[in-house]
Amino acid sequence: MSDWALISESTASGASSVSFTDLTGYKIFKFVFIDVNPATNLQTLRVAFSTDSGSSYTTNCTSTFFEAGHHESSGWTAIQYLTSEDVAQSYPVKLHREIGNGADESSAGELFLFNPASPTYVKNFYSRANVYSDSYTYHDFSAGYANTTSAVNALQFTVASGNFDGTIKSYGLVAT
């Protein structure tokens, strides 16, 4: 049996970033983002990792990105791999496609980070998110690794440009 323990919660209101610096005590972390809405139209939620407690977020990552989408009235549907959204030894990692800044546009999802305190292995992660923007809904998937064998002890969520609103919670997996 296992349970998720709530570690912290941050409610962004016009924030440029939300950071989490307590990545110890658990082998698996889950970050849940709820009702993320950017101030600037058509922005993406992104994540970057740090090995120096958040002084800098420069840990290089490799990731891949695909999505399923549907338009609410035209019937357009797609499942697509988006090579343009992949990251190769860079940062930050895009967690979902662009969100409009309308009151009815937002994203929600989760990011899982595995064994960030390991001094041996790279840090694997994956993310799932649902986005509603401009009459389209998308279910986006991103996965990859932070290419460091140093402990990842902080991460930061930002949008590509400007500020955002939303709630982000961090959890640690308690194994019993």
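These numbers were taken from a predicted model, which means no experiment stands behind them. (Residues numbered from 1 in each chain as written. Predicted model: local features only at pLDDT ≥ 70, side-chain atom pairs only at ≥ 80, totals over all residues. Heavy atoms only, no water.)

> How should I be thinking about unusual backbone geometry in this particular structure?
Most peptide bonds are trans, and most residues other than glycine sit at a negative phi. Backbone geometry at Asn-115 places phi at a positive 50 degrees, although glycine is not the residue there. Within the element layout of this structure, Asn-115 appears in the loop between β9 (106-114) and β10 (123-133). (Helix = DSSP H or I, 4+ residues; strand = E, 2+ residues; numbered from the N terminus.)

> Any chance you could explain the sheet that holds strand β2 (residues 17-20) here in plain terms?
Note on sheets: strands pair through backbone hydrogen bonds, and any given pair is parallel or antiparallel. Reading across from one edge, β2-β12-β4-β8 is the order of the 4 strands in this open sheet, with antiparallel pairing throughout. The strands lining the two open edges of the sheet, one partner per strand, are β2 and β8 (93-94). (Pairing = 2+ DSSP bridges.)

> Whenever I open this one, the nonpolar core confuses me. Can you help?
Across soluble globular proteins, you tend to see nonpolar side chains buried next to one another. Phe-31, Val-47, Phe-49, Leu-111, Leu-113, Leu-155 and Phe-157 are the most contacted members of the largest nonpolar core, which totals 29 residues. Per-element accounting of this core gives the leading share, 4 residues, to strand β3 (residues 28-38). Residue contacts for Val-47: discarding those within four places in its chain leaves Pro-92, Val-93, Leu-95, Leu-111, Leu-155, Gln-156 and Phe-157. (Core = buried A, V, L, I, M, F, W, Y, C linked by side-chain atoms within 4.5 Å. Buried < 20%, exposed > 50% of the residue type's maximum accessible area, 1.4 Å probe, protein only. Contact = heavy atoms within 4.5 Å.)

> How should a nonpolar patch on the surface be read in this particular structure?
A grouping of Phe-66, Ile-79 and Tyr-81 is seen on the molecular surface, where their side chains present a nonpolar patch of about 360 Å² in accessible area. The topology assignment puts Ile-79 in strand β6 (residues 77-81). (Patch = residues over 30% accessible without salt bridge, like charges linked within 9 Å, V, L, I, M, F, W, Y side chains within 5 Å. Areas by Shrake-Rupley, 256 points an atom, 1.4 Å probe, with all protein chains shown as cover. Salt bridge = Lys/Arg side-chain N within 4 Å of Asp/Glu carboxyl O.)

> Would you take a moment to explain the pairing of strand β11 (residues 136-146) for this structure?
Along any regular strand the residues' side chains alternate between the sheet's two faces. Sheet analysis places strand β5 (residues 61-71) next to β11, joined by 11 bridges and oriented antiparallel. If you follow Cys-61 over to β11, its bridge partner there is Ala-146. In this sheet, β11 lies alongside β10 in antiparallel orientation, the contact comprising 11 bridges. Each residue of the ladder has a partner; that of Ser-133, found in β11, is Tyr-136. Hairpin remark: β10 followed by β11, antiparallel, with 2 residues in the connecting loop; positive phi at Asp-134, about 50 degrees.

> Explain the environment of Asp-134 to me, please; I cannot follow it from the model alone.
When you line up the elements, Asp-134 lands in the loop between β10 and β11. According to the relative accessible area criterion, Asp-134 is exposed, its value standing at 54%. C-alpha of Asp-134 to C-alpha of Asp-104: the two residues are 30 residues apart in sequence and 9.0 Å apart in space.

> What's the story with the packing of aromatic side chains in this structure? I'm lost.
Describing an aromatic ring pair means giving the distance of the ring centres and the angle of the ring planes. Per the counting criterion, the structure on display carries 13 aromatic pairs. Seen from their ring centres, Tyr-26 and Phe-29 are 5.7 Å apart, and the 85 degrees between their planes marks the pair as edge-to-face. Overall, the relative accessible area of 25% leaves Tyr-26 in the partly exposed class. Taking the relative accessible area as the measure of exposure, Phe-29 reaches 0% and is therefore buried. Centre to centre, the rings of Phe-29 and Phe-31 are 6.5 Å apart; their planes meet at 15 degrees, and the pair counts as stacked. For the residue pair Phe-29 and Phe-31, the accessibility class agrees, reading buried in each case. Members of the aromatic cluster, each reached through a chain of ring pairs, are Phe-20, Tyr-26, Phe-29, Phe-31 and Phe-157. A cation over a ring is seen here: Lys-30 above Tyr-171, with NZ or CZ 5.4 Å from the ring centre. The ring of Phe-65 carries the charged tip of Lys-94 above its face, separated from the ring centre by 5.7 Å. (Phe/Tyr/Trp six-rings, centres within 6.5 Å; stacked < 30°, edge-to-face > 60°. Lys NZ or Arg CZ within 6 Å of the ring centre and 35° of its normal.)

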